[in-house]
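Read off the chains here:
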Protein chains: 2
Amino acid sequence: MKPTIQLVAKKAGVSMSTVSRVMNNHPAVLPETRSKVLSVMKELDYIPNQLARGLSSNGFNNILIIFTRSSTQAADNPYFGNIIGSIGMVAEQNDYDLILHSNDNEDNEIEKAVSMINSKLIKGIVLLSSRTNSKFLEVLAGTGIPIVVIGKYNPSIHSECIVSVDTDNYQDSYEIGDYLLQMGHTHIGCIHAPLNHYVAVDRVQGLKDCLKTRHIAFDEDCFVDGGDTVDTAYMAALNLLCSNRQLTAIFATDDIKALGIYKAARNMNLRIPEDISVFGHNDFDFSSLLTPPLTTIRVPIHELGMISASKLFSMIQSDKKETSQMLPTKIQFRGSVANLKHQ
Amino acid sequence: MKPTIQLVAKKAGVSMSTVSRVMNNHPAVLPETRSKVLSVMKELDYIPNQLARGLSSNGFNNILIIFTRSSTQAADNPYFGNIIGSIGMVAEQNDYDLILHSNDNEDNEIEKAVSMINSKLIKGIVLLSSRTNSKFLEVLAGTGIPIVVIGKYNPSIHSECIVSVDTDNYQDSYEIGDYLLQMGHTHIGCIHAPLNHYVAVDRVQGLKDCLKTRHIAFDEDCFVDGGDTVDTAYMAALNLLCSNRQLTAIFATDDIKALGIYKAARNMNLRIPEDISVFGHNDFDFSSLLTPPLTTIRVPIHELGMISASKLFSMIQSDKKETSQMLPTKIQFRGSVANLKHQ
DNA sequence: TCAAGTTATGGAAACGCTTCCACGAAAGAA
DNA sequence: TTCTTTCGTGGAAGCGTTTCCATAACTTGA
């Protein structure tokens, strides 16, 4: 049988209370008692039971990370590992563990999360990208648990315990639109992630609004869903390029999709940027090493993760009010967008 | 106060035992009693406490995933997300949760893992890549918890509860060596991951042994540690290429390192493959879309994750003996290796 | 010298469930 | 009819901690 606090107490000739005090570094323990207890613990190879401790005190130091398997933030996107890694670093410093959930089945996930909160299994949540028309935050807000959303979330939710860390996707896309126009592109397409996440919606809408404001007509058919993988984006790009010969530029809401476009262009013998320009988003490791190097927007993924985690722990540990934060991005002008005005 | 089983029992006019039976779908409960209890539960918004359940029965259904932050399997490598995602899928199907730990501080991690096992917090472990001279498995084997190692581990450990899923890194590298020789390369360098993981050691050793067997002299200085990021690999490649003008090919033990080599080549105005050939390993999304497309080895990362998880659950759930498994890889011949014999 | 603090410790209730054992009632077997 | 079984249920002892309260032995300070 595994040794318990009771056995330790007996062997050390003290009460369970005293053993507990020793484990928790309570000051009111005589040094000799403490060392006696400690030596018995060592001798018996005693390991405290976390479940029992959790049950009788304040639960576990875990934070729950929720992602959508089928999304641009999905596990096979470099974004995912980066951000999990960053959150994990901060968590480790705070001696917290990470629990990973996908919310592909939302109702199920809400129930699970509520149960974990109720059981004091988790102290905070990081939501990697919120779905549009998701009830998740609405429900979870009621529990009062600190939540950090990476990205935008339903603006009608106002809760002290929910905070977002984000980049300005809408504005960035708007500026990309202006840049493309400035380079002389007027027939612009877009390959985007499925529009059930705010991030994708904003990246698309920013570009559309820019074009509208500048009175550039565009065809809704040139804005197509490119799924979440290189292959789906490739198929989408192939379709788009075949059916729209006048297109001179495509905005990919994610460098993974840009990869799909590069692949399609190569297979159609289209040169980038001479025949078709490409603008990406995120700036992954490989982006600058494509041929031509991909013009894209650098998103500070690592910072996104670190700052989210920091805010979360600050909320957990001190009940301090935290505020949402917008991180700056930077356009990386490289070689995948042609300047049509100089031709 | 949160409703407990006791309150439910009182309101429903039954004993706690009966409520518990209802929750656990025990057959010996009269249908009318069951529905009475269920309706009270609903009415009170009762949520079972997982901690209490865990304490008095058989713990939690969690599996622990351990990775090394500073390694080729680190979070910012596409490998990481892929494999976590794959394991997660299988875990979800089995209604298990994932807990994520890094083992950068090994002693600390051993202690944590042992404590979790002791507290019945986890039922199995997936170790993403084992360190050479690590005590982790040695210690954990003693606990009898099922463990799957992705990659090779200390061959002196023999335990019923440890199983590995891997690709044959040594053999693959050996074959890469032969292929390069066949293409007329005799001055071959290597940029590898730090040699504290079996995977890196094997990938390097396979090539070295090939060269030795074929009586091709090589300079140890041409085998250099390229760290774990594109940047560190880039620096390593720069150094290597500057100081070894006769090198005609470099083997990168990871496509991320190949990226570093591409970058170095570009900055030194070296053409791939005309001036320097590159052979990678893993075959990531971007690898086939580089210019030239990277010749590399396709590692079935997704399968690695799925199969590992399946084996783990089979061990957990049925005490069935599982066996280690070697997954097949496939060389992707693309454009980054020149055939010197045809020049 | 004695009341009023301290201090180190023990006892036992709580945390919220599960589960073993017991028991009465109903049902089947002899 | 009587003796076993089976079934639905309740009682209460765990599971392994923490923590509140009590207590006894020492200080202090006037």
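Chemist: Can you break down the pattern of salt bridges residue by residue, with the values?
Modeler: Residues and elements named next belong to chain B. One pass over the structure, following the stated rule, counts 25 salt bridges over all chains. A salt bridge links E106 to R131; its shortest N-O distance comes to 3.8 Å. Of this pair, E106 sits in helix α6 (residues 106-118) while R131 sits in the loop between β3 (124-128) and α7 (136-141), and the two are 25 residues apart along the sequence. Across the salt bridge formed by K311 and E322, the nearest N and O atoms sit 3.3 Å from each other. You can see K311 sitting in helix α12 (residues 301-318) and its partner E322 sitting in the loop between α12 and β11 (325-327), a full 11 residues away along the chain. For K311, a relative accessible area of 8% translates into the label buried.

Chemist: Just give me the short version of the protein's contact with DNA strand D, but keep the residues and values in it.
Modeler: Taken together, 28 residues form the shell around DNA strand D, and within it A:I5, A:S20, A:Y46, B:T18 and B:T33 come nearest. A breakdown of the atoms of DNA strand D within 4 Å of the protein gives sugar and phosphate a share of 60%. In the model, a phosphate oxygen of DNA strand D is placed 2.5 Å from a nitrogen or oxygen of the A:S20 side chain. A distance of 2.8 Å separates a base oxygen of DNA strand D from a polar side-chain atom of B:R21. Examining the composition of the surface near DNA strand D, we find that five residues originate from one element, helix α2 (residues 16-23) of chain A, more than from any other. Broken down by class, the residue content of the surface near DNA strand D amounts to 12 nonpolar, 13 polar and three charged.

Chemist: Go over the pairing of strand β8 (residues 249-252) of chain B with me, naming the residues and quoting the values.
Modeler: Residue and element names in this part refer to chain B. Neither face of β8 is exposed, since A249 and F251 on one face and I250 and A252 on the opposite face are all buried. Bridge count between strand β6 (residues 188-192) and β8: four bridges; the pairing is parallel. Residue pairing across strands places I191 opposite A252, the latter belonging to β8.

Chemist: Lay out the protein's contact with DNA strand C in plain terms, naming residues and giving numbers.
Modeler: Taken together, 28 residues are adjacent to DNA strand C, and A:S15, A:T33, B:I5, B:S20 and B:Y46 come closest. Between DNA strand C and A:T18 there is a distance of 2.7 Å, counted from a phosphate oxygen to a side-chain nitrogen or oxygen. Contact distances for DNA strand C include 2.9 Å between a sugar or linking oxygen and a side-chain N or O atom of B:S56. Listed by contribution, the elements that provide at least two residues to the surface near DNA strand C are α2 and α4 (50-56) of chain A together with α2 (16-23) and α4 (50-56) of chain B. Tallying contributions element by element places α2(B) first for the surface near DNA strand C, with five residues. For the surface near DNA strand C, the class distribution of residues is 12 nonpolar, 13 polar and three charged.

Definitions and limits used
- Residues numbered from 1 in each chain as written.
- Chains lettered and ligands numbered in written order.
- Predicted model: local features only at pLDDT ≥ 70, side-chain atom pairs only at ≥ 80, totals over all residues.
- Heavy atoms only, no water.
- Salt bridge = Lys/Arg side-chain N within 4 Å of Asp/Glu carboxyl O.
- Helix = DSSP H or I, 4+ residues; strand = E, 2+ residues; numbered from the N terminus.
- Buried < 20%, exposed > 50% of the residue type's maximum accessible area, 1.4 Å probe, protein only.
- Near = heavy atom within 4 Å.
- Polar contact = N/O pair within 3.5 Å; in protein donor to acceptor, adjacent residues only side chain to side chain.
- Nonpolar A, V, L, I, M, F, W, Y, C, P; charged D, E, K, R; others polar.
- Pairing = 2+ DSSP bridges.

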